[in-house]
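Structural description and commentary
Below, each chain spelled out in residue letters.
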Amino acid sequence: MGLKRNVSLATALRYKGQGPMLTFILHRIGGLGMAIFITIHILASFLGGQIGVFLNTVYENWLFQIFIFFCVLFHAINGLRITLVDLFPKLLVHQREAIWVEWAVFIPLFAISVFVIMSTALGG
Amino acid sequence: MATTKSRTLPLSKRGLNFEMFMWLFTRLSALAMYALILFAIIGALIMGAREQMNLADVLRWGFMPNSTHVQSTDVPDLAPWSTTFWRLTGSALLLVATAHGVHGLVVIADDYIVTSRGRNIVRLLSIIFMLFMMGAGLYILWTS
């Protein structure tokens, strides 16, 4: 059976994968979030009509914008790290440092983006 | 470990099967998407985005260079934004991103569906889904 791992949920949640595990999970969430958003977006444009108009109001909500921009930015920056490390395997020994660099790039960029999104949405 | 780590083998001895090919494709398509998005953003800045669009609009155009994405901005004329050149750029980005994304969904599904029968069903469905999304996206790009 697919989901049988012989590990209880409590043990799984206590797994200390640290930085690499966190980026793995966030990469997955970001990829899934983008895949679902883009699928709905293309389908709404393709079908048109009232559904498209309703979905536009969802996209323009600032909470949704912050979520989808988190997905895009994290997936892009983390993906660049994965690509560089995988195409140049000698860099693999530096991967924990690479993750710190990644956060150092991601946090300021995302903070500025959230500030811009919220000041546009709430400040008018 | 009985098997040698494939990383230490030269490419000719690794055996380029489908999984290996898709592993490489995921990385290379990511690089292609960075290039295409940067290309679209530079194009927007050349076409006057500095004075007619804000950051969010430029990014929206960058992630998919489709002229309907700049309709609501201060751009005076949509004609330079809906040329064959930009439609080809958008089509390239669409095809690469769809293949990259659907393969990502298959990778996630493979972590939860482990029977070969289930995986074959997921692969078949994913190919149908990918071709449909590519068709729908191309239809939107070339008719808008």
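These remarks concern the structure in this document. Not measured: the values here are computed from a predicted model.

Bringing the nonpolar core into the picture now. Across soluble globular proteins, nonpolar side chains have a tendency to be buried as a group. All names here are of chain B. In terms of nonpolar packing, the biggest core is built from 16 residues, with Ala 44, Met 53, Val 58, Trp 61, Val 70 and Leu 93 touching the most fellow members. Of all the secondary structure elements, the ones that give two or more residues to this core are helix H2 (18–52), helix H3 (55–63) and helix H4 (84–110). Beyond its immediate stretch of four places on either side in the chain, Trp 61 contacts Ala 40, Ala 44, His 69 and Val 70.

A turn of α-helix holds 3.6 residues, and therefore any two residues three or four places apart point the same way. Taking 1.5 Å of rise per residue, the 26 residues of helix H4 (residues 62–87) of chain A would be expected to cover 38 Å, and the 37 Å separating its terminal C-alpha atoms lies within 8% of that figure. Among all positions of H4 of chain A, only Cys 71, Phe 74, His 75, Asn 78 and Gly 79 of chain A are buried. At its buried positions, H4 of chain A is contacted by helix H2 (18–47) and helix H5 (95–123) of chain A together with H2 of chain B.

This part is about the packing of H2 of chain A against H5 of chain A. All names here are of chain A. At their nearest, the axes of H2 and H5 sit 9 Å apart, and the two run at 55 degrees to each other. Viewed along their axes, H2 and H5 adopt a mutual orientation that is oblique. For the crossing formed where H2 meets H5, the hand is left-handed. For the pair H2 and H5, the contacting residues are Gly 19, Pro 20 and Thr 23 in the first and Gln 95, Arg 96 and Ile 99 in the second.

Time to look at the interface of chain A and chain B. Taken together, the contact between chain A and chain B spans 18 residues of the former and 18 residues of the latter. Elements represented by at least two residues in the side of chain A that touches chain B include exactly H2 and H4 of chain A. Here the element with the most residues in the side of chain A that touches chain B is H2 of chain A; it accounts for ten residues.

A word on helix H5 (residues 116–143) of chain B. Between its terminal C-alpha atoms H5 of chain B stretches 40 Å, which fits the 40 Å expected from 28 residues at 1.5 Å a residue. Every buried residue of H5 of chain B is listed here: Met 133, Gly 137 and Leu 141 of chain B. Residues of H5 of chain B that are buried in the fold lie against H2 of chain A together with H4 of chain B.

About the criteria used
Residues numbered from 1 in each chain as written. Chains lettered and ligands numbered in written order. Predicted model: local features only at pLDDT ≥ 70, side-chain atom pairs only at ≥ 80, totals over all residues. Core = buried A, V, L, I, M, F, W, Y, C linked by C-beta atoms within 7 Å. Buried ≥ 20, exposed ≤ 12 C-beta atoms within 10 Å, placed from the backbone. Helix = DSSP H or I, 4+ residues; strand = E, 2+ residues; numbered from the N terminus. Contact = placed C-beta atoms within 7 Å. Expected span 1.5 Å × (residues − 1). Axes fitted to C-alpha atoms, helices over the stretch in contact; angles between N-to-C directions. Parallel < 35°, antiparallel > 145°, perpendicular 65-115°, else oblique. Left-handed = near helix turned anticlockwise from the far one by under 90°.

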